[in-house]
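Architecture at a glance
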Amino acid sequence: MSKKYVGWDEVSQGSVLFSFEEEFNALEAVHTKQEDRLYADTNSFKAYVGDWRVVKPVYNRDICIDCQNCWVFCPDTSIVSRDKKMIGVDYEHCKGCGVCVEVCPTNPKSLLMFGENEDSDEALAKWPEKKKKSKE
Ligand code: SF4
Ligand code: SF4
């Protein structure tokens with residue numbers, strides 16, 4: 001049977017959009033890597049939803065201490081981390097809110113916001129120096 005797709009304004013009130021395919025036990029998701037989960041077509045993981053972002057977080061591996069703050073606080077699960085090692089940002093889903101930058105504790109920060117069209121290598125070349133502590 002072919003699937004029928006409907007627009008967001010055609011969905012009936014009270015409809016339930018399931019996150020996973022029926023054969024995938026949702027409880028397993030906790031122990032399954034994001035890319036290995038059997039997401040249903042109605043889950044936004046399968047969609048590119050970062051296209052209205054105007055600023056993006058750029059990640060600097062040289063400074064990061066893998067504290068995982070950004071991973072914990074990102075409201076959109078867009079920080080990619082494996083085995084407690086920060087890997088980078090999932091730009092297909094990141095909305096550019098800047099929360100990850102706010103919670104990053106390093107000096108200078110290991111994530112900084114840049115314009116959406118900024119080249120990542122150029123952004124890294126502009127990274128600020130470590131701030132000296134004031135004696136006051
Ligand atoms: S900018 Fe916001 S959505 Fe994007 S990775 Fe950072 S916290 Fe997540
Ligand atoms: S919050 Fe900063 S230091 Fe911590 S893992 Fe994220 S990028 Fe690295």
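Note that the structure is a prediction, hence the values are computed from the model and not measured.

Basis of the calculations
Residues numbered from 1 in each chain as written. Chains lettered and ligands numbered in written order. Predicted model: local features only at pLDDT ≥ 70, side-chain atom pairs only at ≥ 80, totals over all residues. Heavy atoms only, no water. Helix = DSSP H or I, 4+ residues; strand = E, 2+ residues; numbered from the N terminus. Rg over C-alpha atoms; globule rule 2.2 N^0.38 Å. Buried < 20%, exposed > 50% of the residue type's maximum accessible area, 1.4 Å probe, protein only. Contact = heavy atoms within 4.5 Å. Areas by Shrake-Rupley, 256 points an atom, 1.4 Å probe, with all protein chains shown as cover. Near = heavy atom within 4 Å. Nonpolar A, V, L, I, M, F, W, Y, C, P; charged D, E, K, R; others polar. Domains from an automatic or database assignment. Buried area = accessible area lost by both parts, 1.4 Å probe. Salt bridge = Lys/Arg side-chain N within 4 Å of Asp/Glu carboxyl O. Polar contact = N/O pair within 3.5 Å; in protein donor to acceptor, adjacent residues only side chain to side chain.

Moving on, we get to the overall build of the chain. The helix and strand inventory of the chain stands at three helices and four strands. For a compact globule of 136 residues, the expected C-alpha radius of gyration is about 14 Å, and the chain comes in at 19 Å, more than 25% above that figure. In terms of its C-alpha atoms, the chain occupies a principal-axis envelope of roughly 70 × 30 × 30 Å. In the chain, buried positions account for 33% of the 136 residues. In the chain, 53% of the contacts between residues at least 6 apart in sequence involve partners at least 24 apart. Of the roughly 10,300 Å² of accessible surface on the chain, a fraction of 54% belongs to carbon and sulfur atoms.

Neighbouring ligand 1 are 13 residues, the closest being Cys74, Cys94, Cys97, Gly98 and Cys100. The residue inventory of the shell around ligand 1, partitioned by class, reads eight nonpolar, three polar and two charged.

The next thing to look at is the domain arrangement of the chain. If you check the domain split of the chain, you get domain 1 (13-47) and domain 2 (48-120). Listed per partner, the contact involves seven residues of domain 1 and six residues of domain 2. Contact with domain 2 buries area across many residues of domain 1, yet Gln34, Phe45 and Ala47 alone supply 68% of it, more than any other trio. Counting across the interface, domain 1 meets domain 2 through one salt bridge. A salt bridge links Glu35 to Arg82; the shortest N-O distance between them is 2.6 Å. Taken together, the connections running from domain 1 to domain 2 amount to five residue pairs in polar contact (both at pLDDT 80 or more). Within the side of domain 1 that touches domain 2, the residues separate by chemical class into two nonpolar, two polar and three charged.

So, about the side chain of Ser78. Position of Ser78 relative to the elements: it lies in the loop between α1 (69-73) and β2 (79-82). Of the polar contacts made by the side chain of Ser78, one reaches the backbone nitrogen of Cys94; its length is 3.2 Å. Apart from residues no more than four positions distant in its own chain, Ser78 is found in contact with Gly88, Val89, Asp90, His93 and Cys94.

The subject of this paragraph is the side chain of Asn60. Along the chain, Asn60 turns up in the loop between β1 (55-59) and α1. A relative accessible area of 8% places Asn60 in the buried class. Ignoring anything within four residues of it in the chain, the contact list for Asn60 reads Ser110, Leu124 and Trp127.

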